[in-house]
Structures are given as C-alpha cells and as structure tokens.
Amino acid sequence: MKLIALPAFSDNYLWLWQQDQMAVAVDPGDAAPVLQALADQGLTLAAILVTHHHADHVGGVRELHLATGAQVFGPALEEVPAPFTPVMHGDRLDLLGQTVQVLDVPGHTAGHVAYFLPNAQPNPVLFCGDTLFSGGCGRIFEGTPAQMLASLDRLAALPSNTQVCCAHEYTLSNLRFALAVEPSNTVLQTYMAQCQQLRAQGTPTLPAQLGNELQINPFLRARLTAVRQAVAQHAGLSALEQTDDVAVFAALREWKNDFR
C-alpha cells in the first residue's frame, strides 16, 4: 500500500491510501485536492474514512461521495455528512484487502475514532485524526483530560513500528514545546533537527513512527519522572497532584495551550 499526504488549508494533511488503482481518503476536509490526485493518478475512490466531525475533516465528504459514489464511514457518536455508515470501537472493516480496526479515542471531540491497519506492509498504519500528533496531542475540546490520556494510552499500546498518519503538520511547534519539557532528551534533539531539515525542503514530517513518539512525545511520556517533575515545577502542582496521572496530564496540556 502507498500513503499519500495531500496538503490542504494552512496545515492539514488529507491522507490517501492507495492500493493498485484504488484509493481510500481519510478526513477529506476539502474535496478538490483529493479529486485532483485521483484524476492525476487514475485512481478510483473506494471509501472515505472520517475520524471526527470538525469542518477541516468533513468539509469535502459530501462532494467526494457525490462525485465518486465512495462509501463513507464515520464515528457513530458524531455528525458526519450523510449518507454514512456509523462505526465504533471494535468494528472491523475490510477495505482494499486490508483489515481496518476502529478504535475509540475521545478527548479532542466526544466521539473521535481512529483507524488502525495491523497488517499493512511494510508496517502497520494508524489514521489518528487530531488525537495524536508527532510530538503532541490534540486540544481537548469536548472530552476530558482523563479521556484523552486513556485514548493516548490505547494508541501507545499499538506496535512500535506503526506509521502514525496525523492530520496536521504541527510537528515543529510541538517539538519546541517538547524540548521545553525535556530539554536534555537527546533523541528529541536529534528528531527536531531531522524535522527542521524536512520542512526546509518542503517535505512532510509524517507519517511518524510510534516507537519514536514514545521517546520524544511528552503526552505519551507524562508518567515518566522527568516529565512529571517539569510539569509540577511549571504548574506548581502539590505533592498529591504530582502522583495523579490525570492531574499531571491535564497540567501538561494546559501548559501546551499557553506555550508560545
């Protein structure tokens, strides 16, 4: 399978997953780049996967469906342009010869889902919308810190060689924050230099590799002593709060919200 990141808006990626001359679109907030890619490469759109209801993820769904007839799959607990097939945690789809596992990952929105392809070659693939970013995680708009932490735990448990297809090019800003949290993290320092070079060349930093994220992403490392101590110092957490995983994670997310 081939993964294609189509830039859209200021920093979105609309993902196309290609198998031979068929394709699946993920979170097409704008139909135009997808239709252009399909035409340029002679592809037929088989399906559309939606992770959550925000406009930059669903804005092109209806136009794509009308233009191609592709079946739309989206979270059962969110509003997705009709007609769509609702999916929820534990569902399995069979698309282009791949098993697609649906994972509930609420937090950014209340009904956010992710799509995991465990048998993709050469590595498993995760379409995670706005839940997990390289070096960061999504803002908590409709869910709770406890939900977001549990969602990230669910994604962190996937195989370490999983290719993480996030929906935004937020990597450099996320890594600047990560370095404020863990300035002595040498893996993080190296990754920042790599990503700066990629962006200077106009190349996406994505997909990311989950195993690397476990070494550099503070939101996946919020239980580690170094991260806990940095958050406690920044937020003035009490000794009791420092032992509370959710309190530490919530304070970390608030720190990122205000970070410039």
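Residues numbered from 1 in each chain as written. Predicted model: local features only at pLDDT ≥ 70, side-chain atom pairs only at ≥ 80, totals over all residues. Heavy atoms only, no water.

*Asks:* For this particular structure, what's the right way to read the overall build of the chain?
*Replies:* Across its full length, the chain carries 10 helices and 14 strands. For 260 residues, the compact-globule estimate of 2.2 N^0.38 gives 18 Å, and the C-alpha radius of gyration of the chain, at 18 Å, lies within 12% of that figure. Once the C-alpha set of the chain is aligned to its principal axes, its extents read approximately 55 × 40 × 30 Å. By the burial criterion, 52% of the 260 residues in the chain qualify as buried. By element, 51% of the accessible surface of the chain is carried by carbon and sulfur atoms, the whole surface being about 10900 Å². Considering the chain, the positive charge centre built from 13 side chains and the negative charge centre built from 23 side chains are found 6 Å apart. (Helix = DSSP H or I, 4+ residues; strand = E, 2+ residues; numbered from the N terminus. Rg over C-alpha atoms; globule rule 2.2 N^0.38 Å. Buried < 20%, exposed > 50% of the residue type's maximum accessible area, 1.4 Å probe, protein only. Areas by Shrake-Rupley, 256 points an atom, 1.4 Å probe, with all protein chains shown as cover. Lys, Arg positive; Asp, Glu negative; His and termini not counted. Charge placed at Lys NZ, Arg CZ, Asp CG, Glu CD.)

*Asks:* Would you mind going over the pairing of strand β5 (residues 71-75) with me for this structure?
*Replies:* Within a regular beta strand, the side chains point alternately toward one face of the sheet and then the other, so they alternate between its two faces. When you tally the buried positions in β5, you get 4 out of 5 residues, the bulk of the element. When strand β4 (residues 44-49) meets β5, the two strands line up parallel, connected through 3 bridges. What sits directly across from Ala47, in β5, is Gln71. The pairing of β5 with strand β6 (residues 85-87) spans 3 bridges and is classified as parallel. Bridging from a neighbouring strand, Phe73 pairs with Thr85 of β6. (Pairing = 2+ DSSP bridges.)

*Asks:* In this structure, what is going on with the nonpolar core? I would like to understand it.
*Replies:* One recurring pattern in soluble globular proteins is that nonpolar side chains are buried together. The biggest cluster of nonpolar side chains holds 62 residues, and the ones touching the most others in it are Leu49, Tyr115, Leu126, Phe127, Leu155 and Leu252. With residues up to four places along the chain from it excluded, the contact list for Leu49 reads Trp17, Val24, Ala25, Val26, Asp27, Pro28, Phe73, Leu93, Leu95 and Tyr115. Counting residues in each nonpolar core, the second largest holds 21 residues, with Leu14, Leu43, Ile48 and Val50 among its members. (Core = buried A, V, L, I, M, F, W, Y, C linked by side-chain atoms within 4.5 Å. Contact = heavy atoms within 4.5 Å.)

*Asks:* Help me understand the pairing of strand β1 (residues 2-8), please; the structure alone is not making it clear to me.
*Replies:* Bridge count for β1 against strand β2 (residues 12-19) is 7 bridges, and the pairing is antiparallel. Residue pairing for β2: Ile4 is matched across the bridge by Leu16. Linking β1 back to β2 in an antiparallel pair, the connection comprises 3 residues, with Phe9 at a positive phi of about 55°.

*Asks:* Sorry, what's going on with helix α5 (residues 171-181) here?
*Replies:* The α-helix advances 3.6 residues per turn, and as a result positions three or four apart in sequence lie on the same side. Listing the buried residues of α5 in full gives Thr171, Asn174, Leu175, Phe177, Ala178 and Val181. The buried residues of α5 occupy an angular sector of 160° when the element is viewed end-on, so they sit on one face. (Arc of directions from axis to C-beta.)

*Asks:* Looking at this structure, how should I read the side chain of Thr131?
*Replies:* Take Thr131: it is sitting in the loop between β10 (125-129) and β11 (132-133). Here Thr131 falls in the buried class, since its relative accessible area comes to 0%. Only 3.4 Å separates the side chain of Thr131 from the backbone oxygen of Val105, close enough to count as a polar contact. Every residue in contact with Thr131, bar those within four places of it in the chain, is listed here: Val105, His112, Cys137, Gly138, Met148, Ser151, Leu152 and Leu155. (Polar contact = N/O pair within 3.5 Å; in protein donor to acceptor, adjacent residues only side chain to side chain.)

*Asks:* Looking at this structure, I do not really get the sheet that holds β2. What am I missing?
*Replies:* One key point about sheets: their strands pair by backbone hydrogen bonds, in either a parallel or an antiparallel sense. Read from one edge of the open sheet, 6 strands run β1-β2-β3-β4-β5-β6, paired in mixed fashion. Pairing within the sheet leaves two strands with one partner each, and these edge strands are β1 and β6. For this sheet, the mean inter-axis angle between neighbouring strands, taken without regard to orientation, is 25°. Packing of helix α1 (residues 31-41) onto the sheet brings it into contact with β1, β2, β3 (22-26) and β4, and relative to β1 it is tilted by some 135°. (Axes fitted to C-alpha atoms, helices over the stretch in contact; angles between N-to-C directions.)

*Asks:* Teacher, can you tell me more about the packing of α5 against helix α6 (residues 186-200) here?
*Replies:* Axes are the key here: two packed helices are described by the angle between their axes and the distance separating the axes. In contact at an axis separation of 10 Å, α5 and α6 are set at 160° when each is read in the N-to-C sense. On the basis of the axis angle, α5 is roughly antiparallel to α6. Here the hand of the crossing between α5 and α6 comes out left-handed. Note on element contacts: α6 touches α5 through Leu188, Gln189, Tyr191, Met192, Cys195, Gln196 and Arg199, opposite Thr171, Leu172, Leu175, Arg176, Ala178 and Leu179. (Parallel < 35°, antiparallel > 145°, perpendicular 65-115°, else oblique. Left-handed = near helix turned anticlockwise from the far one by under 90°.)

*Asks:* Would you explain unusual backbone geometry in this entry?
*Replies:* Note: most residues except glycine have negative phi, and most peptide bonds are trans. Pro83 follows Ala82 through a cis peptide bond whose omega is 0°. Along the polypeptide, Pro83 turns up in the loop between β5 and β6. One non-glycine residue, Phe9, adopts positive backbone phi at about 55°. Structurally, Phe9 can be placed in the loop between β1 and β2.

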